Amino acid sequence: CFGNTNVKNICYANKAPKTKVCECVRAHQELLQMLNTHTLTLTLGASSLLTDCPPLGLETLKIDDFQLHASSMRHYGLGPHRGRLNIQVRSALLLQRASAPRLLLLRLVDARRLTKFTGVVTQGRSSLWSSDWVSSYKVLLSNDSHSWVTLKNGSRDLIFSANREKEIPVLNLFPKPVVARYIRINPRSWYASGGICMRVEIMGCPMPDPNNYYRRRNEVTTTDNLDFRHHSYKEMRQLMKVVNEMCPNITRIYNIGKSYNGQKLYAIEISDNPGEHELGEPEFRYTAGSHGNEVLGRELLLLLMQFMCQEYLSRNTRIRRLVDETRIHLLPSVNPDGYEKACEAGSELSGWSLGRWSQDGLDIHHNFPDLNSVLWEAEARKWVPRKFHNHHVPIPDWYRSTNATVAVETRALVSWMEKIPFVLGGNLQGGELVVTFPFDRTRSVTALREATPTADDHVFRWLAFSYASTHRLMTHASRRVCHTDDFAKEDGTINGASWHTAAGSMNDFSYLHTNCFELSMFVGCDKFPHETELPEEWENNRESLLVFMEQVHRGIKGVVRDVQGKGLANAIIAVDGINHDIRTASDGDYWRLLNPGEYRVTVRAEGFSVSSKVCSVGYDIGASRCDFVLGRSNLSRIKEIMQKFNKQPISMRQRLRQRHLLDT
């Protein structure tokens, strides 16, 4: 009875009591015989386990390329490695069409381990120029990749209905879970005007095997006691409330506006003095979910707020310093309406685009005013800097009109960004592993890809590298690329316009209209990972999330005051050699992100004399202090006197009369 370890483990997995294990084995004698002859493995009858198994990891890249095989292919570029669910850009898994369908063989997980397969998710080919998909298929299983047995419906081969178009994923669950070592998909029919193309994900659970060192060595576990699951809008709000109740002294929940469907856009503030801007304390923000179907960023921010609260209470020195010296804002769901659409379909069936846009069909992340064109036109006319500033570029009037095609979520973000003097921000997105930085639009209108750096390109590159280099996978040279672009060779970072041009991005708007340096973090190949993937994704991104926040304390900071000690708002801070200025906040404090070095800094304020000094930036985290005191300019004094007399100059006759009166 206990002689076959695999059968014993399977019976345990089927929740058979220890005293009943022998009965369990005897009940499967016929299937056990097939297992011993390596033709088909044990079929479990527990229907409750059908949906318990997560994806094996084609989309998340847990399944390596060498584990995927095809019976034929046109060329390597269209090989089986392109058969991953939701893989983009180039053609998906392609088999040459012949008089009869070719067999598609997928060898999954570890060839040395049994796996309980429960279902298959399929898509067609990802292409703008052709339509190819499989409309029906058979599933075959094996333990040795030589002898195959087809899943059956009674005495007949079971034929699964697949896709009716190329993008919407279709899930087929098996009538019963099947334990095997290899799985093969055999296309039976396909789109009449296309070819046999298929992108897939396999649902399955590796069977318990304590002796499998290879598997244990590659598992990523976390010791953080956090809520690792997907949260609905109500659950997200409740979780934020729980964090606030755990750490009431350092957190505050507020909303920045509402979505198209009226759902509040909740944010949580983490600071030692929540609710107030403290003089000299920089403001930082993370946002996520501007594309509603990119849910990993949303869950990462919910995990981050739990983690920071717990670690603060545990007196973690690093977290305490970060909270005490920074005002942190986390906005986990910019597009809750889109998230609901994707969530309703589910992790594997939401596809690449369902829920991406706002309820009124707008891409929130690229719905901001195009200030790049405004600035570049002013530069072409040589208006900068005399007639036009190189920073705080004004929003065009048409954009603020009620008839403009602007999402209500975007308007809420703009108002939020103008209200709080953010210094550094990151928006979490999905579908790739890379950090992008401005500009996101090319200067050349016709160029689809063209490096378009900002005046602060060196600072942006460092900020991007600080996140990518501390991520577990982004800069890993041996990792498999998500789709076709290999960002690892570029240290996991790229200028946005070098990747693909996009006007009106949140990153460009933040840089040109406010003081905030904004970057995009694409935190995972899978936009909507299965719940079981969240602990590993948290481990992949946790250190990066913290390190990037700490970069808000790099550069120079200070306060600009008048001779009476009053802070001056909107004073311009200019750094020699960098054609991009910033402005002081309402209390006169400022923060200027800079790489290590010496910089001549000049401060200008209306009605005050100009002041300059050299400020040094070190290599250690902690912005260098660089304060300024400005005196009133002679011109401002003259204007003040003229204003006192209704802007009318005092005549010589009046002066002589006043002198005569004084003499007498």
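Before reading further, recall that the structure is shown in the block above.
What you see is a predicted model; the values in this text were computed from it and never measured. (Residues numbered from 1 in each chain as written. Predicted model: local features only at pLDDT ≥ 70, side-chain atom pairs only at ≥ 80, totals over all residues. Heavy atoms only, no water.)

### What about the state of the cysteines?
Here is step 1: Scanning the entire structure with this criterion turns up 4 disulfides.
Here is step 2: Across the disulfide, C247 is cross-linked to C309 (sulfur-sulfur distance 1.9 Å). The sign of the 90 degrees torsion about the S-S bond sets the C247-C309 disulfide as right-handed. With C247 in the loop between α5 (233-246) and β12 (251-258) and C309 in helix α6 (residues 296-313), this pair connects stretches of sequence that are 62 residues apart. Take C247 and C309: they sit in the same class, and that class is buried.
Here is step 3: Each sulfur of the disulfide joining C482 and C525 lies 1.9 Å from the other. Residues C482 and C525 share a disulfide whose torsion about the S-S bond is about -65 degrees; that sign makes it left-handed. With C482 in the loop between α12 (457-468) and β18 (493-495) and C525 in the loop between β19 (517-524) and α15 (534-550), the pair connects residues that are 43 residues apart, well separated along the chain.
Here is step 4: A relative accessible area of 4% places C482 in the buried class. (Disulfide = S-S within 2.5 Å. Helix = DSSP H or I, 4+ residues; strand = E, 2+ residues; numbered from the N terminus. Buried < 20%, exposed > 50% of the residue type's maximum accessible area, 1.4 Å probe, protein only.)

### With respect to the sheet that holds strand β17 (residues 432-437)
Here is step 1: Taken in spatial order, the 8 strands of this open sheet run β12-β13-β15-β14-β16-β19-β17-β18, and their pairing is mixed. Strands with a single pairing partner mark the edges of an open sheet, and in this sheet they are β12 and β18. Taking the axes of each pair of neighbouring strands and ignoring which way they run, one obtains an average angle of 25 degrees across the sheet.
Here is step 2: Here strand β16 (residues 422-429) runs beside β19; their pairing, made up of 6 bridges, is parallel. Note on β19: the bridge partner recorded for G426 is L519.
Here is step 3: Where α6 meets the sheet, it contacts β13 (264-270), β14 (283-288), β15 (327-331), β16 and β19, and its direction lies at approximately 140 degrees from that of β14.
Here is step 4: Its contacts with the sheet put α15 on β14, β15, β16 and β19, and the angle it makes with β14 is roughly 150 degrees. (Pairing = 2+ DSSP bridges. Axes fitted to C-alpha atoms, helices over the stretch in contact; angles between N-to-C directions. Contact = heavy atoms within 4.5 Å.)

### A closer look at α6
Here is step 1: Taking 1.5 Å of rise per residue, the 18 residues of α6 would be expected to cover 26 Å, and the 26 Å separating its terminal C-alpha atoms lies within 8% of that figure.
Here is step 2: Burial analysis of α6 places 16 of its 18 residues in the buried class, the great majority of the element. (Expected span 1.5 Å × (residues − 1).)

### Side note on the sheet that holds strand β22 (residues 578-583)
Here is step 1: In space, the 4 strands of this open sheet follow the order β22-β21-β24-β25, with antiparallel pairing throughout. Both outer strands of the open sheet, β22 and β25 (611-617), are each paired with one neighbouring strand and no more. Taking the axes of each pair of neighbouring strands and ignoring which way they run, one obtains an average angle of 30 degrees across the sheet.
Here is step 2: In terms of strand pairing, strand β24 (residues 597-604) meets β25 through 7 bridges, oriented antiparallel. Of the residues in β25, the one forming a bridge with E598 is S616.

Distances and angles like these do not, on their own, reveal function.
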